[in-house]
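Chain and residue survey
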Amino acid sequence: MTANANADANANADAEAEAEAEASANAHVDTEADARAGSPSDAGEEPIPGTGSPASDPWASTSQASDSLATESPASDPRAGTSQASDSLATDSPVADSQAGDSPAADSQPPEPPHPDPDPRFRRFWIGDSVSQLGDRITELALPYIAAKILKASTAEASVLAAVTWTPNLIGVFMGAWVDRQRRKRRLMIGADLARAAILLSLPIAAAFHTVTLGQLYLIALLCGVAAVLFNTSYSSFFVRLVPRSQYVAANSKLSSSRSASFMVGPALGGALIAATSAAFAVAADAVSFLFSAFMIGRVQVVEPEPEAAELSVARRAKEGIAYIARQPVLRATLACATTINFFTFIANSSLLILFATRMLHLSAGAIGLALGLGASGAVLGAVLAPRIARLVGVGRCVAIGAVLFPAPIAIAAVAGGSVWWCAMALGAAEFLCGVGVMLFDIPLNSLQAAIVEEGVRSRVAGAYSTVNYGIRPLGALAGGALAGTIGLRPTLVVAAVGGAMSVFWLFAGPVLRIRSLEEDPALDEAPAPAPASQIAAVSQ
């Protein structure tokens, strides 16, 4: 009997092993089929190489633990809300402004494991981006400081510096169309980082020979702006290949949180570096951060699909991006809102604000950096709150709250007065509330964009969107300089606060305020299907 029992046990074990092997083979075939189709079950995107099926997705526990917008923005956190990964609007959308269109049902996915760590590929990118963001905050303080304190720039000249920084976004629509035809978008991002590092290093070299001029500052800002447009238009496609659709909000939340933290630490660090060395040499820290970012992106491998056949010229593809936005009611309304905010907040641009802080509030570089750094903690809080608020009131209404709360607090800085410490506190309070507002706006917005835009047109749509959204910033900066020279700095800041808050009225037209979640929300389905490329091309003629 023992022998028979052993034989039966062995037979059962063999049968179970064969069943398991067959199930494993079927799962492998399904995964390969999904990868070839380019539309894995949860995201409508290819699965992250090395993770297999969504069942092995390590994001879920992270987003659940952090109470991130899992229900609200179906994990498609823009630039959370906006960008989703960082809970910044890209997030949460945004937080990037990245854009996704296909969204196969997520119900077919098996439950996600309780692993607390994100995909190591995303972690590398996140670390590189966080360091680069910190370096950016140093340069954003150092360049205007050099113009205002060392080169004695006028209000108009300071505003021009802010304007040239964003002028390259006017070519974003063409840059995006060109990027869509390139397969190696990751390499374009690396090249953009290396270019910015080289450009910024020219400033401390010139300072060593005492040859820094305002013209050089303009040129540095312009060239770095061109490289930033190349990076950002490539990033939208890179992001959706790196992060599953169900984790857009969680990923954008992380990215936005790091960006928010950089606004808290960066200005204070920049002020300390300026005080210890000089503003020009402090910029070298940003150059090093770009080198580090390029290195980390180089260690991230993603599956990049072949671009569409180049049937259309760059100009035709650019028109496709514009036509796509014009036909999409959510993109159309949010673009109008974001563009209005950008115009008025850039009336109170960073160069003008630092000029106001140094000449009217009589704050030193260290005090300005400390005030901005402490105030930026609001953005960290906003990145944490954005998913919760979006879940509570809906993704669309979260965007609307941010549209008001982002620009309105500028008025607090405008009425600051008294002792140096009171002025620094007022500036910090304004920055704190603005930081909360921008995260409530950006995270869900970036996530909306990521969820709506189709794969084949991401870069050209991102380019068209940024051409308008960011292209308005130079005009706002120039208008700010003109207003400051005419009515004074304080009234100009009040105009920026009131005008920016009125941007929310754009959201009342269209389905945005009715969108509660990024997963199967009826309001998202109202958008008309985009016209075929051939039809758009014919119309554009």
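So, a few notes on the structure that sits alongside this text. In this text the structure is predicted, and so the values were computed from the model without any measurement.

Further remarks concern the overall build of the protein chain. Within the protein chain, the secondary structure is distributed over 22 helices and zero strands. Among the 541 residues that make up the protein chain, the fraction classed as buried is 56%. About 21,100 Å² of surface is accessible on the protein chain, with carbon and sulfur atoms providing 65% of the total.

With that settled, the discussion passes to the nonpolar core. Within the largest apolar cluster, 104 residues are counted, with the highest numbers of intra-cluster contacts made by Leu203, Leu217, Leu331, Leu363, Leu427 and Phe441. By residue number, the principal contributor to this core is helix α17 (residues 420-452), which donates 16 residues.

Moving on, we come to the pattern of salt bridges. Under the definition given, this model contains two salt bridges. One salt bridge connects Arg137 with Glu140, and the closest N-O pair in it is separated by 2.7 Å. Of the two residues, Arg137 and Glu140 both sit in helix α3 (residues 120-150), three residues apart, roughly one turn of that helix. Exposure remark for Glu140: the relative accessible area of 37% places this residue in the partly exposed category. A salt bridge links Arg196 to Asp193; the shortest N-O distance between them is 2.8 Å. Of this pair, Arg196 and Asp193 both sit in helix α6 (residues 185-208), three residues apart, which is roughly one turn of that helix. You can call Asp193 buried: its relative accessible area is 0%.

Turning our eyes to something else, we now look at the environment of Glu455. Along the chain, Glu455 falls in the loop between α17 and α18 (458-469). According to the relative accessible area criterion, Glu455 is buried, its value standing at 18%. Linking Glu455 and Val240, residues 215 residues apart in sequence, is a C-alpha distance of 8.6 Å.

There is a patch of nonpolar side chains on the surface, built from Val494, Val498, Met502, Phe505 and Phe508 and spanning about 520 Å² of accessible area. Tracing the backbone through its elements, the reader meets Val498 in helix α20 (residues 489-501). Owing to a relative accessible area of 48%, Val498 belongs among the partly exposed residues under this scheme.

Throughout the structure, instances matching the rule amount to eight aromatic pairs. Between Trp166 and Phe346 the ring centres are 5.5 Å apart and the planes differ by 85°, which places this aromatic pair in the edge-to-face class. Within this pair, whereas Trp166 is found in helix α4 (residues 155-166), its partner Phe346 is found in helix α11 (residues 329-347), the two being separated by 180 residues in sequence. For Trp166, a relative accessible area of 25% puts it in the partly exposed group. A centroid spacing of 5.7 Å and a plane angle of 45° characterise the contact between Tyr235 and Phe239, whose relative ring orientation is tilted. On the criterion of helical spacing, the pair formed by Tyr235 and Phe239 is a turn pair, its members being four residues apart in helix α7 (residues 214-242). Side by side, Tyr235 and Phe239 carry an identical accessibility label, which is buried. For Arg196, the ring lying beneath its charged end belongs to Phe231, and the centroid distance is 5.1 Å. Its end group placed over the ring of Trp166, Arg473 keeps NZ or CZ at 4.1 Å from the ring centre.

Turning to the side chain of Thr345, a few remarks are in order. Topologically, Thr345 is positioned in helix α11. Exposure remark for Thr345: the relative accessible area of 9% places this residue in the buried category. For Thr345, the side chain forms a polar contact with the main-chain oxygen of Ile341, separated by 2.7 Å. One polar contact links the side chain of Thr345 to the main-chain carbonyl oxygen of Asn342, over a distance of 3.4 Å.

The first and last C-alpha atoms of α3 sit 44 Å apart over 31 residues, in line with the 45 Å expected at 1.5 Å per residue. Looking one or two residues beyond α3, the residue adopting positive phi is Lys152, at roughly 55°.

Let us now look at the packing of α7 against α18. Contact geometry of α7 with α18 gives a least axis separation of 8 Å together with a crossing angle of 135°. Accordingly, the angle class assigned to the pair α7 and α18 is oblique. In this structure, α7 crosses over α18, and the sense of that crossing is right-handed. Touching Thr233, Ser236, Ser237 and Val240 of α7 are Arg458, Ser459, Ala462 and Gly463, all from α18.

Contact geometry of α11 with helix α19 (residues 472-487) gives a least axis separation of 7 Å together with a crossing angle of 35°. Between α11 and α19 lies a crossing of right-handed hand. Contacts between α11 and α19 involve Thr339, Asn342, Phe343, Phe346 and Ile347 from the first element and Ile472, Arg473, Leu475, Gly476, Ala477, Ala479, Gly480 and Leu483 from the second.

A few words on α19. Since there are 3.6 residues in each turn of an α-helix, residues three or four apart along the chain are aligned in direction. If you check α19, its first and last C-alpha atoms are 22 Å apart, about what 16 residues at 1.5 Å a residue would give, namely 22 Å. Where α19 terminates, the next one or two residues include Gly488, which has phi positive at roughly 100°.

Right, let's talk about the environment of Trp126 for a bit. With respect to the helices, strands and loops of the structure, Trp126 is situated in helix α3. With 128 residues separating them along the chain, Trp126 and Lys254 place their C-alpha atoms 7.8 Å apart. Apart from residues lying up to four places away in sequence, Trp126 is in contact with Lys254, Leu255 and Ser258.

Not every positive phi belongs to a glycine, and Lys152 is a case in point at roughly 55°. In this structure, Lys152 sits in the loop between α3 and α4.

Reading the values: the criteria
Residues numbered from 1 in each chain as written. Predicted model: local features only at pLDDT ≥ 70, side-chain atom pairs only at ≥ 80, totals over all residues. Heavy atoms only, no water. Helix = DSSP H or I, 4+ residues; strand = E, 2+ residues; numbered from the N terminus. Buried < 20%, exposed > 50% of the residue type's maximum accessible area, 1.4 Å probe, protein only. Areas by Shrake-Rupley, 256 points an atom, 1.4 Å probe, with all protein chains shown as cover. Core = buried A, V, L, I, M, F, W, Y, C linked by side-chain atoms within 4.5 Å. Salt bridge = Lys/Arg side-chain N within 4 Å of Asp/Glu carboxyl O. Patch = residues over 30% accessible without salt bridge, like charges linked within 9 Å, V, L, I, M, F, W, Y side chains within 5 Å. Phe/Tyr/Trp six-rings, centres within 6.5 Å; stacked < 30°, edge-to-face > 60°. Lys NZ or Arg CZ within 6 Å of the ring centre and 35° of its normal. Polar contact = N/O pair within 3.5 Å; in protein donor to acceptor, adjacent residues only side chain to side chain. Expected span 1.5 Å × (residues − 1). Axes fitted to C-alpha atoms, helices over the stretch in contact; angles between N-to-C directions. Parallel < 35°, antiparallel > 145°, perpendicular 65-115°, else oblique. Left-handed = near helix turned anticlockwise from the far one by under 90°. Contact = heavy atoms within 4.5 Å.

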